[in-house]
Amino acid sequence: MILITGGAFQGKKAYAMEHFHLTDDDFVKGTDCAEAELFQAKAVADFQEYVRRVLKKGGDASTLAEKLYTENPEILVITNELGSGVIPADPFDRQWREASGRAACDLAKYAAQVHRVVCGIGTGIKG
Amino acid sequence: MLAVITGGSGSGKSEYAESVATSLARRDGLPLYYIATMRPFGEEGKRRVERHRKLRFGKGFETIECYVNLKGQTLPEKGVVLLECMSNLTANEMFEPEGAGNNTVEAVLAGVAALKDRCAHLVIVTNDVFSDGITYDEVTKLYQERLGTINRRIAAEADEATEVVCGIPLRLKK
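In this text the structure is predicted, and so the values were computed from the model without any measurement.

### A short note on the packing of helix α4 (residues 104–118) of chain B against helix α5 (residues 138–157) of chain B
All names here are of chain B.
Turning to step 1, where the next piece is worked out: Where α4 meets α5, the closest approach of the two axes is 10 Å, and the angle between their N-to-C directions is 30 degrees. Here α4 is positioned roughly parallel relative to α5, judged by the angle of their axes. Read as a crossing pair, α4 and α5 show a hand that is right-handed. Contacts between α4 and α5 involve Thr 104, Val 105, Val 108, Leu 109 and Val 112 from the first element and Arg 146, Thr 149, Ile 150, Arg 153 and Ile 154 from the second.

### Quick word on the environment of B:Val81
Residues and elements named next belong to chain B.
Turning to step 1, where the next piece is worked out: Secondary-structure assignment places Val 81 in strand β4 (residues 80–84).
Turning to step 2, where the next piece is worked out: Given a relative accessible area of 0%, Val 81 falls into the buried group.
Turning to step 3, where the next piece is worked out: Residues Val 81 and Ile 124, spaced 43 residues apart in sequence, show a C-alpha to C-alpha distance of 8.2 Å.
Turning to step 4, where the next piece is worked out: With sequence-adjacent residues up to four places away left out, Val 81 is seen in contact with Tyr 33, Ile 35, Leu 75, Leu 115, Cys 119, His 121, Leu 122 and Val 123.

### Comments concerning the interface of chain A and chain B
Reports of interface size often rely on the accessible area that becomes lost once the parts have come together.
Turning to step 1, where the next piece is worked out: On the side of chain B, 23 residues touch chain A, which itself brings 20 residues to the contact.
Turning to step 2, where the next piece is worked out: Both faces combined, the contact of chain A with chain B buries some 1700 Å², and carbon together with sulfur accounts for 54% of it.
Turning to step 3, where the next piece is worked out: Taken together, the connections running from chain A to chain B amount to three salt bridges.
Turning to step 4, where the next piece is worked out: B:Glu44 is the salt-bridge partner of A:Arg94, the closest N and O atoms lying 2.7 Å from each other.
Turning to step 5, where the next piece is worked out: Here chain A and chain B share ten residue pairs in polar contact (both at pLDDT 80 or more) between them.
Turning to step 6, where the next piece is worked out: For the side of chain A that touches chain B, the elements supplying multiple residues, two or more each, are β1 (2–6), α5 (91–110), β5 (113–118) and β6 (121–126) of chain A.
Turning to step 7, where the next piece is worked out: Broken down by element, the side of chain A that touches chain B gets its largest block of residues, nine residues, from α5(A).

### As for unusual backbone geometry
Glycine aside, residues mostly have negative phi, and peptide bonds are mostly found in the trans state.
Residues and elements named next belong to chain B.
Turning to step 1, where the next piece is worked out: Going from Glu 84 to Cys 85, the amide bond is cis rather than trans, its omega being 0 degrees.
Turning to step 2, where the next piece is worked out: Note that Cys 85 resides in the loop between β4 and α3 (86–95).
Turning to step 3, where the next piece is worked out: Positive phi, close to 50 degrees, is recorded for Cys 166, a residue that is not glycine.
Turning to step 4, where the next piece is worked out: Within the secondary structure, Cys 166 is located in the loop between β6 (160–165) and β7 (168–173).
Turning to step 5, where the next piece is worked out: Here Cys 166 falls in the buried class, since its relative accessible area comes to 7%.
Turning to step 6, where the next piece is worked out: The phi torsion at Lys 174 lies on the positive side, around 85 degrees, for a residue other than glycine.
Turning to step 7, where the next piece is worked out: Within the secondary structure layout, Lys 174 lies in the segment after β7.
Turning to step 8, where the next piece is worked out: For Lys 174, a relative accessible area of 73% corresponds to the exposed category.

### Considering the environment of B:Gly111
Residues and elements named next belong to chain B.
Turning to step 1, where the next piece is worked out: If you trace the backbone, Gly 111 turns up in helix α4.
Turning to step 2, where the next piece is worked out: Gly 111 sits 38 residues away from Gln 73 along the chain, and the two C-alpha atoms are 8.2 Å apart.
Turning to step 3, where the next piece is worked out: If we ignore the near neighbours within four places in the chain, the residues touching Gly 111 are Leu 70 and Lys 71.

### Considering the packing of aromatic side chains
Turning to step 1, where the next piece is worked out: With the rule as written, the count across this model stands at four aromatic pairs over all chains.
Turning to step 2, where the next piece is worked out: With centroids separated by 6.1 Å and ring planes inclined at 80 degrees, the aromatic side chains of B:Tyr34 and B:Phe61 adopt a geometry described as edge-to-face. One end of the pair, B:Tyr34, is in strand β2 (residues 32–36); the other, B:Phe61, is in strand β3 (residues 61–65), and 27 residues separate them in sequence.
Turning to step 3, where the next piece is worked out: You can call B:Phe61 buried: its relative accessible area is 14%.
Turning to step 4, where the next piece is worked out: Measuring from centroid to centroid gives 6.4 Å for B:Phe95 and B:Tyr143, while their planes differ by 40 degrees, and the two rings are tilted. Here B:Tyr143 lies in helix α5 and B:Phe95 lies in helix α3, a separation of 48 residues in the sequence.
Turning to step 5, where the next piece is worked out: Against the face of A:Phe27 rests A:Lys13, its NZ or CZ located 4.9 Å from the ring centre.

Basis of the calculations
- Residues numbered from 1 in each chain as written.
- Chains lettered and ligands numbered in written order.
- Predicted model: local features only at pLDDT ≥ 70, side-chain atom pairs only at ≥ 80, totals over all residues.
- Heavy atoms only, no water.
- Axes fitted to C-alpha atoms, helices over the stretch in contact; angles between N-to-C directions.
- Helix = DSSP H or I, 4+ residues; strand = E, 2+ residues; numbered from the N terminus.
- Parallel < 35°, antiparallel > 145°, perpendicular 65-115°, else oblique.
- Left-handed = near helix turned anticlockwise from the far one by under 90°.
- Contact = heavy atoms within 4.5 Å.
- Buried < 20%, exposed > 50% of the residue type's maximum accessible area, 1.4 Å probe, protein only.
- Buried area = accessible area lost by both parts, 1.4 Å probe.
- Salt bridge = Lys/Arg side-chain N within 4 Å of Asp/Glu carboxyl O.
- Polar contact = N/O pair within 3.5 Å; in protein donor to acceptor, adjacent residues only side chain to side chain.
- Phe/Tyr/Trp six-rings, centres within 6.5 Å; stacked < 30°, edge-to-face > 60°.
- Lys NZ or Arg CZ within 6 Å of the ring centre and 35° of its normal.

Quick look at the structure:
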């Protein structure tokens, strides 16, 4: 597993495509992919949106990283860093922010490599 | 020594800070204190506190609750202190009736200085609340400015400063 993180609009996907020789077609989107697609994909973008959908359905996000690693250990995961702000007023936003942060920590544990992208520039922070 | 650890919400900064504090305590054979600053409001607050308690369980921390006036906080012995977290302490000083109000920055920094003198090693967890790009109301902006000032001042004093990303420590200083 490879994890790419960073804030929104930092060029994470472009970095991933260039660095790991992927094309647009290799990606499923966290905004709309089914679980089965996620488990077969080469790469997923916006994983934080997948976490949000799981929570919206009342699901348990705390086991997501483990499940994903078990089902698809070679996947490249892109997820937004979104915890660096003032505590959201909305309870669901707080829950999502927390859950997606925890999921990213878990993914980073499983990942052989973690890269963080800022201003389009990626830095390897693990592996 | 003084270590400052920052990161966003859910970044794994608490777990990392605990590992720093526990390894210092083990190395020097010192008692471990956890200064908790978050008042557990409502069910969600209780759950958060409970989660942190579980993380610390069995690691040998004695928990001390301190919501305002850190300067007045005494310690049983000169040990290793994990202070978590500056974002709560700053909010408490600003918004609670018994808090320092407009003198929040001075009160928090004086508290940190006093605490540093009373312990062998101080590990401070703070919070990155500055990068969501949202323009907040004046009071929230003032809170951000005050916490930002405190963060800069304690990091300037610190022997080491670390940002935690996805549970991975990235050294900012030293």
